[in-house]
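One-letter residues, chain by chain:
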Amino acid sequence: MEKLQLTLEQISIADPSRHPSLFLSGVAGTGKSTAASRRLLNLALAGNPPSSILVIVPQRSLSTPFASIIQDPSFPQGSLPEIVTFGGLARRMISLFWPLISASAGFKRPHHPPAFLTLETSQYYMASIVNPMIQKGMFETVNLEPNRLFSQILDNLNKSALIGMPHTLFAKRMISSFIGDQEVIAPLIQTQTAANDFRELCFKLNLLDFSLQIEVFHKYLWPSLLFQKHLTNRYHHLIYDNIEEDAPIYHDMVKEWSPSLDTLLLIQDCGAGYRSFLGADPVSSSSLQTVAQQALVLKKSLISENGIERCSFMLQSAIHHQEFDADPLARDSFSIITCRLVPETLKLITNEIKEITSNKGIKENEIVVLAPYLSDSLLFSVIQEFNAAGINSQEHRPSRSVKSDPAVNCLITLAKLVNPQWDAQPSRYAMREVFIQLLTRGDLIRADLLAQVLYAPKNSTETLASFDNIQSDMRERIGYSIGERYMTLRAWLMDILENPVADLDVFWSRCFGELLSQKDMGFHASFSASNSIALLIESYQKFRQVMEPTKSILENQISHEYINLVESGVIASFYMEPWKIVGEGVLIAPAYTYLLTNRPVRVQFWLDIGSPGWWQRPFQPLTHPYILSRNWEEKRPWTDADESRVSTDSLSRLAAGLLQRCCSRVYFCATEFDERGSQNKTGLLQAVNTITRKFAALDLKNV
Amino acid sequence: MFRPRPKQAEVLSYRQGKMGVAAVPGSGKTFTLSRLAADLIAAGGLNETQEVLIVTLVNSAVDNFSSRIGEFIKERKLLPNMGYRVRTLHGLAHDIVKERPDLVGLPDRFLIIDEQETDRIIQRIVQSWMHLHPEFLVSYSGAELDLQSNHRLRQSWFDYLRNLAVNFIRTAKDLQLHPRVLAEKLKSVSFDLPLIQMGLEIYTEYQRALNFRGAVDFDDLIRYALQALNSDRDFLFRLQNRWPFILEDEAQDSSRLQEEILRLLAGLGGNWVRVGDTNQAIYETFTTANPKYLRAFLMEEGVRNCDLPNSGRSTQTIINFANSLIDWVQKEHPLDKLRSALTLPYIRATPANDPQPNPKDNPLGIYIQEQECKPEDESHRVVNNIQKWLPQHMDQTVAILVPRNDRGAEMVGFLKEKGIPYIEMLRSTSATRKTAALLTSILRFLSDPASTTKLASIFKQLYEFEIVDQENLSQISIGAAYLKKIRFIENFLYPFPGNDHQTTNGPIPDGLVEIFGKFTTLIKNWSGATLLPIDQLVITIAQGIFTNALDLALAHKLALLLETAATSNPSWDLPEFALELEKIASNERKFLGFSDLDQGFNPDDYKGKVIVSTIHKAKGLEWDRVYLCSVNNYDFPSCQPGDLIIGEKWFVREKLNLEAEMLQQLNAIHSGDDSSLMLEEGHATYLSRLEYASERLRLLFVGITRARKELIITWNNGRRNECRMALPLQALLEKRNLHSVTS
């Protein structure tokens, strides 16, 4: 690994003997994580057993600097430090100490092992509680699809746990601050009933959804002397990065833990706290300053050039409606692209990227295209446009909708094909999608011909006919190389039909490894497809792990049930975070996701700056990220003034965070009509407009 | 250079407070109002977060205002579209709700269902309601009628109940009455109200159906907007601050809720300009709009009143004719209660040297058919007359205006028969159909991509949609024919290396190489997108072909509909989705409130063709020659003996207008006015007859004022020979004859 040159401040931070107990803060790009990762190395080099070092990050994508340093040849051989999220630590410890706490926590089968639920499996069990309630006419006055209803109830449970509030109180808290339509009160109460019933079910079946994991960990495990002894014996050094992205209950535990640690480094990204929907609380994290003996603030950006910093200052002033002057030194650090429609914007961006990569020495992976939301259609259009211009690109999305992922659909179709006992033969169109992805390289016509001529869903003996048996003119039309690939696919599937594979994950792993990823097949060297398939396999495995011990479904039906749940939308998205961005090229990502990837770039394009996505929080009628936080006083009405304040703060944090990750230039792209044909003019566009007006006035003055 | 008339200058001098402007037809109010908006922006009093809010009636006006103000803003080198916002009421309500959906229990991606879906839901509910409540029909049917054996009668009742249910729900929502609240109120009424009971039961089921879909209808949107503003004062203050000026166009068609929303947004002592013409208030029958709100506003203390009486639209003869209708109504209408149906000011011609001078006068420019005839004869005569007139006047615009869709459909039939070119602006919305039809064709092709016929069909439709550049329009047929005959389409779209499809298919015709290049790029893009979910596929296709905001919005709406369909039918594939779109494309229905008019219909683009439209849809438009048809006492009743009223059905006992009776009771329950609940049956029917006649007088006025140079008014004696010439027309004819005799 190439050694980074550290600043004097960073060297000092990285030295645990100089700062054994340090609270380090600073905006993004000031080198905090780099210094922390070097501290990790130094701790190990100083002879501390690496296994006594614990690194906590709020989410896996933020662990990259630490993971990299561990892989560095200079890192001492032997045991490894642990890099975990608090959630991961809780799960591991609950498993370890289960016999100690299961009965006292209230689980009805304390001698049976626990089953940890994922968001998907939690939704599955929540559906079993809520669906009967819907049938009884509950939740009638709220307009919400069932899947969203399930996830909002789970959200309430999680948020309660993350602030250390009893799960039975969230509805009361929300109702006491709610000033909107009184018709919404009844569903809020019903939400509480559903949550309580769900919790009962969890106790009955030894299920631990995320909220229960946190509660059990915090309420039953953490106070246990045995556990405390284990903790203090095991870990002597703690590095806790991005504490502002974590929840108050974690901060509480660190406060209690810190006196027993030999060294402590707490790192706070000033102005961040982007994961407020997952309980992030920068106010609470700031309070950790009191537990460290020293505090340091890093101020100098190691990333952004002067112009960008000035641009950021103007943007912040404009967002907060503060007076400022147009700064001529910032002029070259930003551009504004205005277009009427999305495709025009994409064309202009493509041309600009072509220009700066060809003539200005900027590499493709030094560019990011950011949007508040990244719909499938937008992503597809951007990639198409880039492909046509010969620009490489890579996408990064935090959650993937199962149904909209073509690679996942392909694997599900193949699973159906080799499981005729499910009586769920794929349609011709589903097979066509398989062929277009795997065999014909995007050629829809030949994929269609293959599906028409060779696929016979009703033929029980030979569902996929042999290419050799069709008429020669059709073989000519389809082409022999496609025919050859088809025959490879067919042979592999026939083999599986003759020698069935019991479990889906095994089938999919083999299918991908032995067939789909092979040369000439469509998923060969496709990072995106392999990532999706890995997520699919992981999702299924977690589903099975939960279903098997609870016997909720007969063992031989788990695979089929999983497919049914995916198709009915109960399993709607994969929420797992990819470790890191794979592939090369211009990065396309939603703005908030990008912020948590720790990947500064030279140039950023911000799409559709008028979109409410830059400004508003996603509204969910049955949950509330701010009322269900510790910083909110119960019974205080949540009014629009609060809403405006948090919107402005979020936008300000987002804009600052993005520009702190931008070296040289940002392009603000305003589109008159979004893909829905509607005009949006929210805060970010207004702020950019203010800057434009200031520069127009300055130009006029100069003339 | 814009040179305002003195009266316009008076309006433009506005800088603050409340102002009401009475504008006659053709007085240039759109122009004046957009200029006023631009002036207010240019005055520099707005900060970056503030906007002049312009609220108008239809989407076409939104475009019109936006482009006019936008041009001005552009000159100032500012970001386009900033400093103002033009919205229809629904658009404004959507903006408000979208900003704080949590206040009304909505998620941020709520679905708005269109009128057809609303109708479909209501139909289903009414059907089962009728089945469960046979006693209702018995109690309200004429005694002599046999409900058991008369199928037509049951169908008529079904249609009528559907209509009653729609209006009940609309009014209940306008009154902010949720089914639960209404049920509570009804409990305190000590006697039976079968009409209200029926409405409430259907309304309750309907709301349940909407919630199940996670959807809201257009009326909910308005109701929720008001609710959101009322429930959070800080939200209201924020919006008041954002929109320090509100300019409202077509204010005569304001509903109670619209007025309430705008009044809240303007705030006490706020800046609110309302422009309208109470003589053109013609939407009461279909909506909860009422000109009384504008009239009351004009009388309010502190409201400055202006008028725009000058119109350069019509000849002096036509202006005089319209003014004499106002005169007759005000002074001579036999029914006192109808004398306020039309009000002053009179229309005045533009002053000398005005940039919009009136057409040269033609004293013979008005023809009124005097002798009676059957409906089909009336249509024949009109079409025959046009057949003679049109060839000599291909540089002029002409319209047939009818009071009802079915009359228009008959006219269209005759025009078609005679081979006369026409454009239909009736119930159907061809723009919607065209968009849906194009998307249908594309989906069909993508589901069967080996079909050259389908490929050729998309090619043709794309050209017709003006997506590919217009220049080589003549080559559509040549290109389509070539594509249709292609052998092995895969070689055309995805040739193997070294394989030129032209060796099999012959050379591509001259001038088509580049066009085919663009076309195949599009097709290949769409092919790749077939792997996306259906809604995303439709959005991707739309992004590639539509450049009009309304088309995009429409495509987005269609995409959402298909997404909903996909959720309910997980096994659906492209052919099923294409079929669903096809239904939309072929259905004659209003969809999302978009129509040809919404697309910015300009009559001047259709010289040499006959526009067939309802008078309602013709509002805001003008033609050189106008045929105003069916002006009899059925379509334009005057509450005279022998007049037939559409709302009074033959099968209802005592010809009660059940809608009027029901809504009167609903209003009484809402206001807690028990005495109105006690009123005897028939009272509301009578009042509604007056209201209807009054609106029809204004409809006649609107029809007359669409004509620039020539106006031909015809009428018929009805299917059963029961109708006569409309009373106001008789009066105007007599006046005119008298005038010709004396002069």
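The structure presented is a predicted model; accordingly, all values stated were derived computationally and were not measured. Here, residues in each chain are numbered from 1, in the same order as that chain's written sequence. Going through the entries in the order they are written, you letter the chains from A and number the ligands from 1. Predicted model: local features are reported for residues with pLDDT of at least 70 only, side-chain atom pairs are reported and counted for 80 or more only, and whole-chain, interface and lining totals are derived from all residues. The basis for the side-chain values is all heavy atoms of the structure; hydrogens and waters are excluded.

Student: Looking at this structure, how should I read the overall build of chain B?
Tutor: Across its full length, chain B carries 29 helices and 16 strands. Both definitions apply: the radius of gyration is a C-alpha atom measure, and the globule rule equals 2.2 Å times residues to the power 0.38. Radius of gyration (C-alpha) of chain B: 28 Å, near the 27 Å computed for a compact globule of 743 residues. C-alpha atoms of chain B, sized along the principal axes, occupy 85 × 65 × 65 Å. The burial tally for chain B puts 60% of its 743 residues in the buried class. Surface exposure of chain B reaches about 29900 Å², of which carbon and sulfur atoms provide 51%. When charges are counted, Lys and Arg contribute as positive and Asp and Glu as negative, whereas His and the chain ends are disregarded. Taken as the charge location is NZ of Lys, CZ of Arg, CG of Asp or CD of Glu. For chain B, the distance from the average position of its 85 positive side-chain charges to the average position of its 93 negative side-chain charges is 3 Å. Secondary structure elements are defined from DSSP: runs of H or I of at least 4 residues count as helices, runs of E of at least 2 residues count as strands, and each element is numbered from the N terminus. Classification of residues uses two cut-offs on accessible area relative to the type maximum, computed with a 1.4 Å probe and protein chains only: under 20% is buried, over 50% is exposed, and between them is partly exposed. In this description, accessible areas are obtained by the Shrake-Rupley approach with a 1.4 Å probe, and a residue is regarded as covered only by the protein chains that are shown.

Student: Even after reading the chapter, I still don't get the pattern of salt bridges, so can you show me in this structure?
Tutor: Here the idea is simple: oppositely charged side chains can pair when their charged atoms come close. The working definition used for a salt bridge is a side-chain nitrogen of Lys or Arg within 4 Å of a carboxyl oxygen of Asp or Glu. As enumerated under the stated definition, the model contains 80 salt bridges over all chains in all. Notably, a salt bridge pairs Asp269 of chain A with Arg661 of chain A, separated by 3.6 Å at the nearest N-O pair. Residue Asp269 of chain A is located in strand S7 (residues 263–269), and its partner Arg661 of chain A is located in the loop between helix H25 (640–660) and strand S16 (662–671); the two are separated by 392 residues in the primary sequence. For the residue pair Asp269 of chain A and Arg661 of chain A, the accessibility class agrees, reading buried in each case. As a salt-bridge pair, Arg407 of chain B and Glu378 of chain B come within 2.8 Å of each other at their nearest N and O atoms. Taken as a pair, Arg407 of chain B in helix H16 (residues 405–418) and Glu378 of chain B in helix H15 (residues 375–389) lie far apart in primary sequence, 29 residues in all. Summarising the burial analysis for this pair, Arg407 of chain B and Glu378 of chain B share the class buried.

Student: Any chance you could explain the packing of helix H22 (residues 513–529) of chain B against helix H23 (residues 534–545) of chain B here in plain terms?
Tutor: For any two helices packed against each other, the geometry comes down to the angle between their axes and how far apart the axes lie. Residues and elements named next belong to chain B. Running from N to C, H22 and H23 cross one another at 165°; their axes reach a closest spacing of 9 Å. In terms of their interaxial angle, H22 and H23 are classed as roughly antiparallel. Our pair here, H22 against H23, has a crossing hand that is right-handed. Across the interface between the two elements, Leu522, Trp526 and Ala529 from H22 touch Leu537, Thr540, Ile541, Gly544 and Ile545 from H23. All residues other than Ala, Val, Leu, Ile, Met, Phe, Trp, Tyr, Cys, Pro, Asp, Glu, Lys and Arg, Gly among them, are scored as polar; the first ten of these are nonpolar and the last four charged. Here the residues of the contact of H22 with H23 sort into 6 nonpolar, 2 polar and no charged. Axis lines are fitted to C-alpha atoms, over the contacting stretch for helices. Their N-to-C directions set the angle, which ranges from 0 to 180 degrees. In this scheme, roughly parallel covers angles under 35 degrees and roughly antiparallel covers those over 145, while 65 to 115 is roughly perpendicular and the rest are oblique. By convention, the crossing between two helices is left-handed when the near helix turns anticlockwise from the far helix through less than a right angle, and right-handed when the turn is clockwise. In this description, contact between two residues means that some pair of their heavy atoms is separated by no more than 4.5 Å.

Student: Is there a simple way to think about the sheet that holds strand S16 (residues 707–713) of chain B in this case?
Tutor: The strands making up a sheet are joined through hydrogen bonds of the backbone, oriented either antiparallel or parallel. All names here are of chain B. Across the sheet, 6 strands lie side by side as S11-S16-S15-S12-S14-S13; this open sheet has parallel pairing. Both edges of this open sheet fall to strand S11 (366–368) and strand S13 (422–425), since each of them pairs with a single strand only. Taken pair by pair, the neighbouring strands of this sheet meet at an average axis angle of 20°, ignoring direction. Criterion used throughout: strands pair if DSSP finds at least two bridges between them. Pairing of strand S12 (residues 398–402) with strand S15 (residues 623–628) involves 4 bridges; the strand directions are parallel.

Student: I'm lost on the sheet that holds strand S2 (residues 53–56) of chain A in this one. Help?
Tutor: Residues and elements named next belong to chain A. If you trace the 6 strands from one edge of the open sheet to the other, you get S3-S2-S6-S7-S1-S8, paired in parallel fashion. Each edge of the open sheet is held by one strand with a lone partner, namely strand S3 (82–84) and strand S8 (294–298). Across the sheet, the axes of successive neighbouring strands diverge by a mean angle of 15°, strand direction being ignored. One ladder, built from 3 bridges, connects S2 with S3; its direction is parallel. Looking at the pairing, Ile56 lines up with Val84 of S3. Of the strands in this sheet, S2, strand S6 (237–240) and S7 are in contact with helix H11 (residues 248–257), which crosses S6 at around 150°.

Student: Looking at this structure, how should I read helix H16 (residues 406–417) of chain A?
Tutor: Residues spaced three or four apart along an α-helix face the same direction, because each turn holds 3.6 residues. Residues and elements named next belong to chain A. Over its 12 residues, H16 runs 16 Å from end to end, which matches the ideal 16 Å to within 8%, given 1.5 Å per residue. Extensive coverage of H16 is indicated by the burial of 11 of its 12 residues. Every buried residue of H16 is listed here: Pro406, Ala407, Val408, Cys410, Leu411, Ile412, Thr413, Leu414, Ala415, Lys416 and Leu417. Polar contacts here mean pairs of N or O atoms no more than 3.5 Å apart (in protein, one a potential hydrogen donor and the other a potential acceptor; neighbouring residues in sequence count only if both atoms are side-chain atoms). The opening residue of H16 is Asp405, an N-cap whose side-chain oxygen sits 3.1 Å from the backbone nitrogen of Ala407. Multiplying 1.5 Å by the helix residue count minus one yields the expected span of that helix.

Student: Explanation requested: the interface of chain B and chain A in the structure shown.
Tutor: Bring the parts together and some accessible area is lost; that lost area is often taken as the interface size. Each partner contributes to the interface: chain B provides 74 residues, whereas chain A provides 72 residues. A combined buried area of about 6700 Å² lies between chain B and chain A, and 54% of that area is made up of carbon and sulfur atoms. Across the chain B-chain A interface, the total number found is 7 salt bridges. For Asp640 of chain A, the salt bridge goes to Arg238 of chain B, with nearest N and O atoms at 2.4 Å. In this assembly, chain B and chain A are joined by 24 residue pairs in polar contact (both at pLDDT 80 or more). Split into classes, the residues belonging to the side of chain B that touches chain A amount to 36 nonpolar, 20 polar and 18 charged. Accessible area, probed at 1.4 Å, shrinks when two parts are joined; the buried area is that loss added up over both.

Student: What's the story with the nonpolar core in this structure? I'm lost.
Tutor: Residue and element names in this part refer to chain A. The definition of a nonpolar core used throughout is a set of buried Ala, Val, Leu, Ile, Met, Phe, Trp, Tyr and Cys residues joined through side-chain atoms within 4.5 Å. If you look at the biggest cluster of nonpolar residues, it comprises 195 residues, and the most contacted ones within it are Phe217, Phe435 and Trp508. Among the elements that line this core, the one with the most residues is helix H4 (residues 86–105), at 9 residues. Dropping the residues within four chain positions of it, Phe217 is found in contact with Phe86, Leu89, Ala90, Met93, Ile94, Trp222, Phe227 and Met253. In terms of nonpolar packing, the next biggest core, distinct from the first, is built from 62 residues, Phe66, Val666, Phe668 and Leu685 among them.

Student: Got a minute to help me understand the side chain of Ser211 of chain A in this structure?
Tutor: Residue and element names in this part refer to chain A. Relative to the assigned elements, Ser211 resides in helix H9 (residues 210–221). Since its relative accessible area comes to 0%, Ser211 is described here as buried. In this structure the side chain of Ser211 is engaged in a polar contact, spanning 3.0 Å, whose partner is the side chain of Arg199. For Ser211, the residues in contact, after removing those within four places along its chain, are Leu157, Asn158, Ala161 and Arg199.

Student: Could you clarify how one ought to interpret helix H7 (residues 151–174) of chain B in this entry?
Tutor: Here H7 of chain B contains 24 residues, and its C-alpha end-to-end distance of 35 Å stays within 8% of the 34 Å for a straight helix at 1.5 Å per residue. Phi turns positive, to about 60°, at Gln176 of chain B, one or two residues after H7 of chain B.

Student: Quick question: what am I supposed to make of the pairing of strand S14 (residues 586–590) of chain A here?
Tutor: On a regular strand, each side chain points to the face opposite its neighbour's, so the side chains alternate between the two faces of the sheet. Residue and element names in this part refer to chain A. Across the 5 residues of S14, 5 count as buried, placing the element largely inside the fold. Burial of the side chains of S14 extends over both faces: Val586, Ile588 and Pro590 are buried on one face and Leu587 and Ala589 on the other. Across 4 bridges, strand S10 (residues 367–371) lies against S14 in parallel orientation. Counterpart to Val369 in the pairing with S14 is Ile588. In terms of strand pairing, strand S11 (residues 393–395) meets S14 through 3 bridges, oriented parallel. Bridging across to S14, Glu395 finds its partner in Ile588.

Student: Honestly, unusual backbone geometry in this entry has me stumped. Any pointers?
Tutor: With the exception of glycine, the majority of residues adopt a negative phi angle, and the majority of peptide bonds are in the trans configuration. Look at the link from Leu344 of chain B to Pro345 of chain B: it is a cis peptide, with omega at 15°. As for its position among the elements, Pro345 of chain B is in the loop between helix H14 (316–332) and strand S10 (348–349). A positive phi angle, close to 55°, is found at Arg441 of chain A, a residue other than glycine. Mapped onto the elements of the fold, Arg441 of chain A is located in the loop between helix H17 (428–438) and helix H18 (444–454). With a relative accessible area of 57%, Arg441 of chain A lands in the exposed category.

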